[in-house]
Every structure is written in structure tokens, then in C-alpha cells.
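These are the residues of each chain, in order.
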Amino acid sequence: MKDLKYLVAFTIPLSALIALYFQGYWSYFTPIFAFVVIPILEMLLPVDTTNYSEETISEKKVNRLFDWLLYLNLPIVYGLLIASLIIVSQNTLETYEFIGIMLSVGMVLGSNGINVAHELGHRQTTNERFIGKALLLPSLYMHFYIEHNFGHHLHAATKEDPATARYNQTVYGFWFTSTTRQYVGAWKIQKNLLSRNNQSFLSFNNDMFWYVILQLGYLLTVLLVFGLIGFLFALGAAVVGFLLLETVNYIEHYGLLRSKTDSGRYERVKENHSWNSNHVVGRMVLYELTRHSDHHFKSNKKYQILEYHKVSPQMPYGYPTSMVLALMPPIWFKIMNKRVPSEMVSLN
């Protein structure tokens, strides 16, 4: 039964379903649940730093239940998205209701869409990667697959990495630099991948072209089927989804930089180059994304067996709480700047 704890991740789409059904002020139930209720729970519940035994890790690694808990997000995300498009296009909602439902659904696109896509994007099977890319589509962030896997994991905790926030950089400035640099970076990476395989940039195998076509096709379909109001809703929810991701990116590596060796190359990514959190609710809701240090240390590890390392810098709060604090830069800097190792501050 303990393996079913990750069903907690489905409370985010459930909260969005409640927002969609009751509407009115309930339209804002998802952001309230995610950024008020969950942080309160994380403060009340103890932090869990325990790791599994080698025998348990071997068992959990091959347990398909954990994979199906990820796959289930595909029909949930698309089902909720289609239902919300039908409702907003066929009902006369107040502006505040429209915005609330858009925020709620957008948060689902970020947490159960992009976050799950991130996990599946590291898998080796074509089917799992396909599901991951399909979950990126509604957030208009399909390029994330290329930039994250071939860019971020190579350059994490360096100035070359768009997804690593600099010391004293605000989350709002980071949103702009990260989104623009990651998109440009994805095109450059795609070009290099094709060149490495002696293929033209205009090749049929240029995935970035397909991502553009699929995402424009998605928006056009929404416009034709659900009208302008549906189009604006889909566009707004997508922005909410990828800004949620970028806020997570911001707190994951804030101020942490790798030093260079005598040869001029960066040291390898270690457990101390990502912020870690062992707050239990955030761990379950985000499929252990909060054990980010181990994820970067060994990126091929499945989420259910990620481990805690004592040398990893620890966040004083869980990821949901930290995301709220990041939106208030003076408070964020006051709490986090003193926790950034002095040797890394000098590298900034």
C-alpha cells in the first residue's frame, strides 16, 4: 500500500476538477490547494530523509506500478483540458472565473504534464518518450525535451545553463532569460544533433520543426473547435504551465555553480549542485522531483528510488512553499542567500 502514496500527485488535477465543477470562487481552488494547503501540511509533517535498502531499491526499480502511475497522467491531463475548453467556450463565465479556471488547469499542465514529461523524457523506450512529449504539447513546451536532456543535464550549475538561476537573480528576470535562452538553445542543440548524424537542418528528422507544427496545429484546432475564448484559455493555461516549470527550475539550482578544474573544464555534476528537499508531501505530489540532487547525480534513476545525500544543500521548506517565497524576491534572498555556499557565491 505504501507504493500507492504517489496517488497524492492526482490531488492537483482533482482540485482543478473541483474548480471546474463548482466555478465561482472555487475556480481558484488549485492554486490555494497547492500553495496554501500543501505548504501547511509540509510544515506539520516531519521531514523524511530515509533511503531504501539495496534489496528494496531492486524491487521498486522493476515494479511497473510506478510507471503506470505516470502513464495515467496522459488521459487525466487531456481529459481535464478538453472538459475545461468545452465549459469555458459554452458557458458565460465571469472574468475572475475564467482566470481562476485557467490558473487551475495551467497548474495541472505544469505539475502533471511537464513534470511527468520530465521523468518520462529520461526513459529509454520510445513509447514512454512519446507520452512525455504528448504531455509537453498543451504547455507549448515540447522543446524542453531536447534542451533539458541534451543541454541542462550537461551544463547544469554553470553560467552556460539557461535553467540555472544566478545568485541574486529574481524569479521574474529568470522567467525571461530561461524561457528565451532554452528555446534558442534547443534549436542549436537540434542543429548539432543533425550535423553529428550528417543530416541537413531541413531534414525530416528535425524534431524542432515537428514541435512547431504540432503546437501550432494544437492551437489552430482549439481555435476552430472552441473559438477565440477557447484559444485564449489554452494559450493562458500553457503560459501558466511553463512558468510553473520555470519557477521550479529557479529554486532547483539557485546560486549553485560548478567550479572549473585546472584543465579549464567544469567539474562533474555532483550531489551538491542542486537544492534538495525531503518534505514528504511535495515529494509525493511532484514524483520525487524534490530529491533533485540525486536526479542530477544519476539522471537515469527512476523517481521512486531517488535517494537523499547528506552533502546536498537542503531547502528549509518544501518545493511548493519555496515557489511561493521565490515570488517575493526580498524574502527569498533573505532566506536563501545565506545558504548558498560562499565558494559558489564567488563564482557568480
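Residues numbered from 1 in each chain as written. Predicted model: local features only at pLDDT ≥ 70, side-chain atom pairs only at ≥ 80, totals over all residues. Heavy atoms only, no water.

- Where an unreviewed UniProt entry is consulted, the chain appears under the name Alkane 1-monooxygenase, with the organism given as Bizionia echini.
- According to its UniProt record, the chain has this under Subcellular location (unreviewed entry): "Cell inner membrane".
- According to the UniProt record, the Sequence similarities (unreviewed entry) comment for the chain is "Belongs to the fatty acid desaturase type 1 family. AlkB subfamily." (UniProt positions renumbered as here; feature names shortened; annotations may be inferred.)

1. Things to note about the UniProt feature "transmembrane region" (unreviewed entry) in the chain
Here is step 1: Following the UniProt record, one finds the feature "transmembrane region" (unreviewed entry) at residues 7–22, 28–47, 68–87, 99–118, 130–146 and 208–226.
Here is step 2: End C-alpha to end C-alpha, residues 130–146 measures 13 Å, and it is 59% helix and 0% strand. (Helix = DSSP H or I, 4+ residues; strand = E, 2+ residues; numbered from the N terminus.)

2. Examining the pattern of salt bridges
Here is step 1: Scanning the model with the defined rule gives eleven salt bridges in all.
Here is step 2: Between Glu 128 and Arg 123 there is a salt bridge; the shortest N-O distance is 2.8 Å. This pair shows no difference in class: Glu 128 is buried, exactly as Arg 123 is.
Here is step 3: One salt bridge in this structure joins Glu 288 and Arg 283, with 2.8 Å as the shortest N-O distance.
Here is step 4: Residue class for Glu 288 comes out buried when judged on its relative accessible area of 2%.
Here is step 5: Each member of the salt-bridge network shares a partner with another, and the members are Arg 64, Asp 67, Glu 119, Arg 123, Glu 128 and Lys 302. (Salt bridge = Lys/Arg side-chain N within 4 Å of Asp/Glu carboxyl O. Buried < 20%, exposed > 50% of the residue type's maximum accessible area, 1.4 Å probe, protein only.)

3. Details of the UniProt feature "domain: Fatty acid desaturase" (unreviewed entry) in the chain
Here is step 1: Using the residue numbers shown here, the UniProt feature "domain: Fatty acid desaturase" (unreviewed entry) corresponds to residues 101–320.
Here is step 2: The annotated region residues 101–320 carries 60% helix and 0% strand content, and the separation between its end C-alpha atoms amounts to 19 Å.

4. Focus on the packing of aromatic side chains
Here is step 1: Evaluation of the coordinates by the stated rule reveals 26 aromatic pairs.
Here is step 2: For the pair Tyr 250 and Trp 332, a centre-to-centre distance of 5.6 Å together with 45° between the ring planes defines the contact as tilted. Highlighted residues: Tyr 250 in helix 10 (residues 207–253) and Trp 332 in helix 14 (residues 329–336), separated in sequence by 82 residues. Here Tyr 250 and Trp 332 have matching classes, each one buried. (Phe/Tyr/Trp six-rings, centres within 6.5 Å; stacked < 30°, edge-to-face > 60°.)

5. A few points about the packing of helix 1 (residues 11–22) against helix 6 (residues 95–121)
A pair of packed helices can be characterised by two numbers: the angle between their axes and the separation between those axes.
Here is step 1: In contact at an axis separation of 9 Å, helix 1 and helix 6 are set at 165° when each is read in the N-to-C sense. Our classification of the angle between helix 1 and helix 6 gives roughly antiparallel. In this structure, helix 1 meets helix 6 at a crossing whose hand is left-handed. Across the interface between the two elements, Ile 12, Pro 13, Ala 16, Ala 19 and Leu 20 from helix 1 touch Ile 101, Ser 104, Met 107, Val 108, Ser 111 and Asn 112 from helix 6. (Axes fitted to C-alpha atoms, helices over the stretch in contact; angles between N-to-C directions. Parallel < 35°, antiparallel > 145°, perpendicular 65-115°, else oblique. Left-handed = near helix turned anticlockwise from the far one by under 90°. Contact = heavy atoms within 4.5 Å.)

6. Points about the environment of Phe 242
Here is step 1: Secondary-structure assignment places Phe 242 in helix 10.
Here is step 2: Note: C-alpha distance between Phe 242 and Val 62 (180 residues apart in sequence) is 31 Å.
Here is step 3: Filtering out sequence-adjacent residues up to four positions away, Phe 242 remains in contact with Ile 114, Ser 139, Tyr 141 and Thr 179.

7. Some thoughts on helix 10
The periodicity of an α-helix, 3.6 residues per turn, causes residues three or four places apart in sequence to face the same way.
Here is step 1: Taking 1.5 Å of rise per residue, 47 residues should cover 69 Å, yet helix 10 covers just 28 Å from first to last C-alpha, more than 12% shy of that figure.
Here is step 2: Along helix 10, the helix axis deviates most sharply at Phe 226, where the bend reaches about 135°.
Here is step 3: Measuring from the backbone nitrogen of Met 208 back to the side-chain oxygen at the start of helix 10 gives 3.1 Å, which picks out Asn 206 as the cap.
Here is step 4: One or two positions beyond helix 10, positive phi appears at Gly 255, with a value near 75°. (Expected span 1.5 Å × (residues − 1). Bend = angle between axes of the 7 residues up to and from the residue. Polar contact = N/O pair within 3.5 Å; in protein donor to acceptor, adjacent residues only side chain to side chain.)

8. Digging into helix 2 (residues 29–44)
Here is step 1: With 16 residues, helix 2 should reach 22 Å at 1.5 Å per residue; the first-to-last C-alpha distance of 21 Å fits that figure.
Here is step 2: In helix 2, a bend of some 25° at Ile 38 exceeds every other bend along the element, and Pro 39, a proline, comes one to four places later.
Here is step 3: Along helix 2, the residues that are buried comprise Thr 30, Pro 31, Phe 33, Ala 34, Ile 38, Pro 39 and Glu 42.
Here is step 4: Along its buried surface, helix 2 packs onto helix 1, helix 6, helix 11 (280–285) and helix 13 (319–326).

9. A closer look at the nonpolar core
Here is step 1: Core analysis: the biggest nonpolar cluster contains 84 residues, and Tyr 218, Phe 233, Tyr 250, Ile 251, Tyr 254, Tyr 287 and Trp 332 have the highest contact counts within it.
Here is step 2: Here this core takes 17 residues from helix 10, the largest share from any one element.
Here is step 3: The contact partners of Tyr 250, leaving out residues within four places of it in the chain, are Ala 165, Gln 169, Thr 170, Val 171, Phe 174, Ala 326, Trp 332 and Phe 333. (Core = buried A, V, L, I, M, F, W, Y, C linked by side-chain atoms within 4.5 Å.)

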